[in-house]
Amino acid sequence: MTSGIDPQANAEAIVGAARKAADAGAAMLFTPEMCGLLDRDRARATPNIVAEGDNPVLGAARKVAREFGLWIDLGSLAVLRDDGKWANRGFVIDADGEIAARYDKIHMFDVDLATGETWRESAAYTPGEQVMTVDCPVGRLGMAICYDLRFPALFEELGRQRCDAIRIPAAFTVPTGKAHWHLMQRARAVEASAWVISAAQGGSHADGRETYGHSLVVDPWGEVVHDGGEGASLGFALIDPARTAEVRGQLPSLANKREIPRSAA
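The model shown is predicted, which means the values in this text are computed figures rather than measured ones.

Conventions adopted
The numbering scheme is per chain: residues are counted from 1 as the chain's sequence reads. Confidence filtering applies because this is a predicted model: local features only for residues at pLDDT of at least 70, side-chain atom pairs given and counted only at 80 or more, and all residues used for totals across whole chains, interfaces and linings. To obtain the side-chain values, all non-hydrogen atoms of the structure were included, while hydrogens and water were left out. The helix count covers DSSP runs of H or I at least four residues long, the strand count covers runs of E at least two residues long, and both are numbered beginning at the N terminus. What the globule rule says is 2.2 Å times the number of residues to the power 0.38, and the radius of gyration is computed from C-alpha atoms. Remark: exposure states derive from per-residue accessible area (1.4 Å probe, protein chains only) relative to the maximum for the residue type, with buried under 20%, exposed over 50%, and partly exposed in between. In what follows, residue pairs with any heavy atoms lying within 4.5 Å of each other are defined as contacts. Accessible surface area values rest on a Shrake-Rupley calculation with a 1.4 Å probe, where residue burial reflects the displayed protein chains alone. Counting rule applied: Lys, Arg positive; Asp, Glu negative; His and chain ends not counted. Just so you know, the charge point we use is NZ for Lys, CZ for Arg, CG for Asp and CD for Glu. What we call a nonpolar core is a set of buried Ala, Val, Leu, Ile, Met, Phe, Trp, Tyr and Cys residues that are connected through their side-chain atoms within 4.5 Å. Strand pairing is defined by DSSP finding a minimum of two bridges between the two strands. Helix axes use the C-alpha atoms of the stretch in contact, all axes being lines fitted to C-alpha atoms, and the angles between their N-to-C directions lie in the range 0 to 180 degrees. Each cavity reported here is a set of points on a 1 Å grid over the protein atoms alone in which a 1.4 Å probe fits but cannot get out, each pocket an open set with protein on both sides within 12 Å along at least five of seven lines, and each lining residue one with an atom within 4 Å of a point. Grid points are joined across faces, edges and corners, and a volume is the space filled by probe spheres set on the points. Only Asp, Glu, Lys and Arg are considered charged in this grouping, and only Ala, Val, Leu, Ile, Met, Phe, Trp, Tyr, Cys and Pro are considered nonpolar; every other residue, Gly among them, is considered polar. Every case where a carboxyl oxygen of Asp or Glu lies within 4 Å of a side-chain nitrogen of Lys or Arg is listed as a salt bridge.

Caption draft 1: Just the overall build of the protein chain, in detail. Scanning the protein chain for helices and strands turns up seven helices and 14 strands. For 265 residues, the compact-globule estimate of 2.2 N^0.38 gives 18 Å, and the C-alpha radius of gyration of the protein chain, at 18 Å, lies within 12% of that figure. Each of the three principal axes of the protein chain carries a C-alpha extent, and together these read 50 × 50 × 35 Å. Looking at the protein chain as a whole, 49% of its 265 residues are labelled buried. For the protein chain, long-range pairs separated by at least 24 residues make up 65% of all intrachain contacts whose partners lie at least 6 apart in sequence. A total accessible area of about 12,200 Å² is found for the protein chain, and carbon and sulfur atoms account for 51% of it. Between the mean site of the 28 positive side-chain charges and the mean site of the 36 negative ones, the protein chain shows a separation of 4 Å.

Caption draft 2: Examining the nonpolar core more closely. With 39 residues, the main nonpolar core has V92, L141 and W181 as its most contacted residues. Broken down by element, the residue count for this core peaks at four residues, all from helix α5 (residues 174-192). Other than its neighbours up to four places away in sequence, W181 contacts L149, I168, A170, F172, T176, S198, A200, Y212, G213, H214 and L216. Counting residues in hydrophobic clusters, the runner-up holds 21 residues, among them A18, L29, C35 and V64.

Caption draft 3: Representation of the sheet that holds strand β4 (residues 99-104) in the model. Taken in spatial order, the four strands line up as β1-β2-β3-β4 in an open sheet, and their pairing is mixed. Pairing within the sheet leaves two strands with one partner each, and these edge strands are β1 (28-30) and β4. Averaged over all adjacent pairs, the angle separating strand axes in this sheet is 30°, with direction ignored. With five bridges joining them, strand β3 (residues 86-93) and β4 adopt antiparallel strand pairing. What sits directly across from R89, in β4, is D104.

Caption draft 4: Structural view of the layout of surface pockets. Of the pockets and cavities examined, the largest pocket occupies roughly 800 Å³. In terms of lining, the largest pocket is formed by 40 residues, of which the most central are M28, L29, F30, G235 and F236. No other element matches the six residues that helix α1 (residues 7-23) contributes to the lining of the largest pocket. Of the residues contributing to the lining of the largest pocket, the split by class is 26 nonpolar, 12 polar and two charged.

Caption draft 5: View of the pattern of salt bridges. Enumeration according to the criterion identifies 15 salt bridges in this entry. Across the pair R167 and D73 runs a salt bridge whose closest N-O atoms are separated by 2.9 Å. Taken together, the positions of R167 in strand β9 (residues 165-167) and D73 in strand β2 (residues 71-80) put the pair 94 residues apart, joining distant regions of the chain. In this structure, E156 engages R160 in a salt bridge whose closest nitrogen and oxygen atoms are separated by 3.4 Å. With E156 and R160 both in helix α4 (residues 152-160) and four residues apart, the pair spans about one turn of that helix. A relative accessible area of 35% places E156 in the partly exposed class.

Caption draft 6: Geometry of unusual backbone geometry. Phi is positive for M34, which is not a glycine, with a value near 50°. Tracing the backbone through its elements, the reader meets M34 in the loop between β1 and α2 (42-45). When its relative accessible area of 7% is taken as the criterion, M34 is described as buried. The backbone phi angle of C146 is positive, close to 45°, even though this residue is not glycine. By the element assignment, C146 lies in the loop between β8 (139-143) and α4. Overall, C146 belongs to the buried group, its relative accessible area being 7%.

Keep in mind that these numbers describe shape and distance, not what the molecule does.
Dropping the structure here:
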């Protein structure tokens, strides 16, 4: 997607993609991080950041999921928590339109890039504290969001929980995307012996930012089976459990894993 500052327009884009995906026979649709609102102007964004029950994008996704019997992974939405703070929260919605899982992004994107870009996600959002998995059409799905990609301990835990796939929706910057996006997505797939499904924001956004794009599906061997390119698009991939079993049979790294002893120093 190339999400903008209007939640209604973003909701319409998701509903349109869901209808096309269902018509083409897909079992599940994945969307990027901040698919309902991408706005770096926090004063302008604030009126649009509401509680789950009032979020128009979540409501539209639940309705279209129920209409077509389609599972939908909303990469993340900016939501208002009960304590008045904000969360960067991902949702998995089942084919009946019910919320099957929620995940609040654990790692906040607080960086100063050499390009001059400065981001302070923690200034507005409260980090999550819980690892989340859910059973869905792709098997056991582990949940992560964007900057989480850089923290191996989360993915080690998802591997320990024997996830068949891991979703890593993102709004990666262009410089970090060029340097690390494909590399780290493939590494996470290999480490967990799992599929990685990463819907991404891509293009020039209404708030002035540029995102890298390249929505990816990577198989457990680290092979890229789908790359969505730079802009917005709807792509399809077959998540084959036989491929997962084949890779784990050849390289049983999850079964071979041992605890690393701590240094005495």
